[in-house]
Amino acid sequence: MKQTRLKKQSEQSSQKTQICKVCFKTIENEATFHNLLSINISICHDCLLELKPAFNEFKFEGIQCLNIFYYNQKVQEMLYQFKGCKDYELRTIFLEYYKNYLNIMFNGYIMVPAPSFEEADEERGFNHVEEMFSVLNLKMEKCIHKTKKVKQADLTSEERKNIKDVLVIDDIDFSNKKVLIIDDVFTTGSTVKTMINLVGQKHPKKIKVLLMSKTIDLDRR
Ligand SMILES: [Zn+2]
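This one's a predicted model, so the numbers in the text were calculated from it and none came from an experiment.

Reading guide: rules and limits
Residues numbered from 1 in each chain as written. Predicted model: local features only at pLDDT ≥ 70, side-chain atom pairs only at ≥ 80, totals over all residues. Pairing = 2+ DSSP bridges. Helix = DSSP H or I, 4+ residues; strand = E, 2+ residues; numbered from the N terminus. Contact = placed C-beta atoms within 7 Å. Axes fitted to C-alpha atoms, helices over the stretch in contact; angles between N-to-C directions. Buried ≥ 20, exposed ≤ 12 C-beta atoms within 10 Å, placed from the backbone. pLDDT = per-residue confidence, 0-100.

Undergrad: Would you mind showing me how to read the sheet that holds strand 2 (residues 63-70) here?
TA: Hydrogen bonds between backbone atoms are what pair the strands of a sheet, whose relative direction is either parallel or antiparallel. If you walk across this open sheet you meet the six strands as 1-2-8-7-3-4, and the pairing is mixed. Here the strands that pair on one side only, and so sit at the sheet edges, are strand 1 (53-60) and strand 4 (139-140). Relative to strand 4, strand 3 (residues 109-113) runs parallel, the two sharing two bridges. By the bridge assignment, M111 is partnered in strand 4 with M140. Each of strand 1, strand 2, strand 3, strand 7 (178-186) and strand 8 (206-214) is contacted by helix 9 (residues 190-200), which is oriented at about 165 degrees to strand 7, the strand it contacts most.

Undergrad: Explain the pairing of strand 8 to me, please; I cannot follow it from the model alone.
TA: Along any regular strand, the residues point their side chains to alternate faces of the sheet. Within strand 8, seven of the nine residues are buried, which leaves the element mostly enclosed by the surrounding structure. Pairing between strand 2 and strand 8: six bridges, direction parallel. The partner of N67 across the bridge, within strand 8, is L211. Taken together, the eight bridges between strand 7 and strand 8 define a ladder with parallel strand orientation.

Undergrad: What exactly am I supposed to notice about the confidence of the model for the protein here?
TA: For any part of a model where pLDDT is low, the fine detail of the predicted coordinates should not be relied upon. Residues at a pLDDT of 70 or more form 81% of the protein, whose mean pLDDT is 86. This model gives residues 9-15 a pLDDT under 50, and the stretch forms two contacts once residues within four places in sequence are excluded.

Structural data, given as structure tokens:
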């Protein structure tokens, strides 16, 4: 009982003064459109702008895809801090600002996260893709698994193509369901392509892809 009250008190106080989880400055309680929509924001507007939200839509393998950011230096730093340095507190900073918008946009979709090798998650203590996207109020189905430890960054482009050999999908039926494939970074698209194929075998009504970030295309440099 006492614990519940303490928890409530701390929740209330954290709503009064909110500290940016990136720069530790107090988040000004400005009556901006975003502030009105999302009461609990864990990143300040300045830091958010540094991540440079792009909301870029593109087609890949005939599927509608959306990346929120480009994989720029700030996004890279924040992702490294979260994923590599296991800074669990940062899990909300990437998508929280847009959660209401994304919840509406993908209403009725089931999220299928890109998997990590399970032992890597155990070592880290959490799965970064699942944690990052769990700020959205959408159902999540962790039905795709990675059977071998392969670090995408270490691979040659030829080896990356073989990602299809290490991803497997559970015996699941997506008939009449809408599936949203989610991942943190889209580089060559080999993981997403494999996931589209695997999900496609389960007869979904619709597939879309939502990415936290995408590497900057050559023509954008
Ligand atoms: Zn900040």
